[in-house]
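Architecture and fold: a report
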Amino acid sequence: MPRIATLYAIYVALLLLMSGTVQAGLYRWVDDAGGVHYSDVVPATVEKHGHSELNRQGFTLKTVPGVPTPEDLAAVKRSETLAQLRDALDNKQQEQDDHLLANYADTLELEAVFNSKLAVLDKNTRSIVERRQSLETKLATVKTQLGKVEDAAQREKLNHYISEAESTLAAYEDALEENQTEQDRLRQRYQKDHERLSQLLNVSPSSQHLDPSTTPAVLRAALDRQ
């Protein structure tokens, strides 16, 4: 009986040892130099690389990813930012495409709106130029009069007029520059919109076109939105 009890105790110990070995598992990881390692214990330094847990046959049971480095996190952030920018650009382009297709049946309508806006700017330019020329003429006359006036009060009044007129002329010059900038911007926008609308109509010739009877209202609405 003692012999049997001893053998039984050894058998139980072996089972417990085998059970502990199975539960301990086997792990695989790759170091900084690219070397592959296997062990039943995962060193703390392996956390940044990650590791795989294997079964007794060597098949992967679970993969534990490594802890991302600050460089990894920065790269992910850049990728997310770029993706957001691309989405924003795509959404903006889609809005612009929807606006073009909703307001213009063809490039002729687009050209009509462009010419209308350009005509308004041209009219403003001519008006400013005329007012500037008129004021320059008056200013020259006043300066001539100033040389002939001896009364101090009268001279002060003329000098005040000259100062205000010169300020107004400077404002006219600024307005003309702004008007020219707006015309340049309008032409650039028209070229882009004309090219894009042509592409959209070629890609989708069956896109919904507007009722010709509503064209004037559509043109006015488009002008209001620009």
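In what follows, the structure referred to is the one given above.
Residues numbered from 1 in each chain as written. Predicted model: local features only at pLDDT ≥ 70, side-chain atom pairs only at ≥ 80, totals over all residues. Heavy atoms only, no water.

Brief notes about the overall build of the chain
What the chain contains, in helices and strands, is five helices and four strands. Here the chain, with 226 residues, has 21% of them falling under the buried criterion. For the chain, long-range pairs separated by at least 24 residues make up 55% of all intrachain contacts whose partners lie at least 6 apart in sequence. When the accessible surface of the chain is split by element, carbon and sulfur atoms take 56% of a total near 16600 Å². (Helix = DSSP H or I, 4+ residues; strand = E, 2+ residues; numbered from the N terminus. Buried < 20%, exposed > 50% of the residue type's maximum accessible area, 1.4 Å probe, protein only. Contact = heavy atoms within 4.5 Å. Areas by Shrake-Rupley, 256 points an atom, 1.4 Å probe, with all protein chains shown as cover.)

Points about the sheet that holds strand β1 (residues 26-30)
Spatially, four strands are ordered β2-β1-β3-β4 in an open sheet, and the strand pairing comes out antiparallel. Every other strand in the sheet has two partners, leaving β2 (36-39) and β4 (60-65) as the edge strands with one partner each. For this sheet the average axis-to-axis angle between neighbouring strands, irrespective of direction, equals 20 degrees. Sheet topology note: the β1/strand β3 (residues 50-54) ladder contains three bridges and is antiparallel. Looking at β3, one finds that Y27 is bridged to E53. (Pairing = 2+ DSSP bridges. Axes fitted to C-alpha atoms, helices over the stretch in contact; angles between N-to-C directions.)

Quick word on the packing of aromatic side chains
Under the counting rule described, the total for this entry stands at one aromatic pair. Between the aromatic rings of F114 and Y190, the centroid separation amounts to 4.2 Å while the plane-to-plane angle is 15 degrees, which identifies the pairing as stacked. In this pair, F114 sits in helix α3 (residues 107-146) while Y190 sits in helix α4 (residues 152-203), placing the two residues 76 residues apart along the sequence. Under the relative-accessibility criterion, F114 is labelled buried at 12%. (Phe/Tyr/Trp six-rings, centres within 6.5 Å; stacked < 30°, edge-to-face > 60°.)

What to know about the environment of L176
Mapped onto the secondary structure, L176 falls in helix α4. Distance in space between the C-alpha atoms of L176 and L121 is 10.0 Å, their sequence separation being 55 residues. With near-sequence residues (within four places) excluded, L176 lies in contact with T125, I128, V129 and R132.

Note that every value here comes from positions in space, so none of it alone points to a role or purpose.
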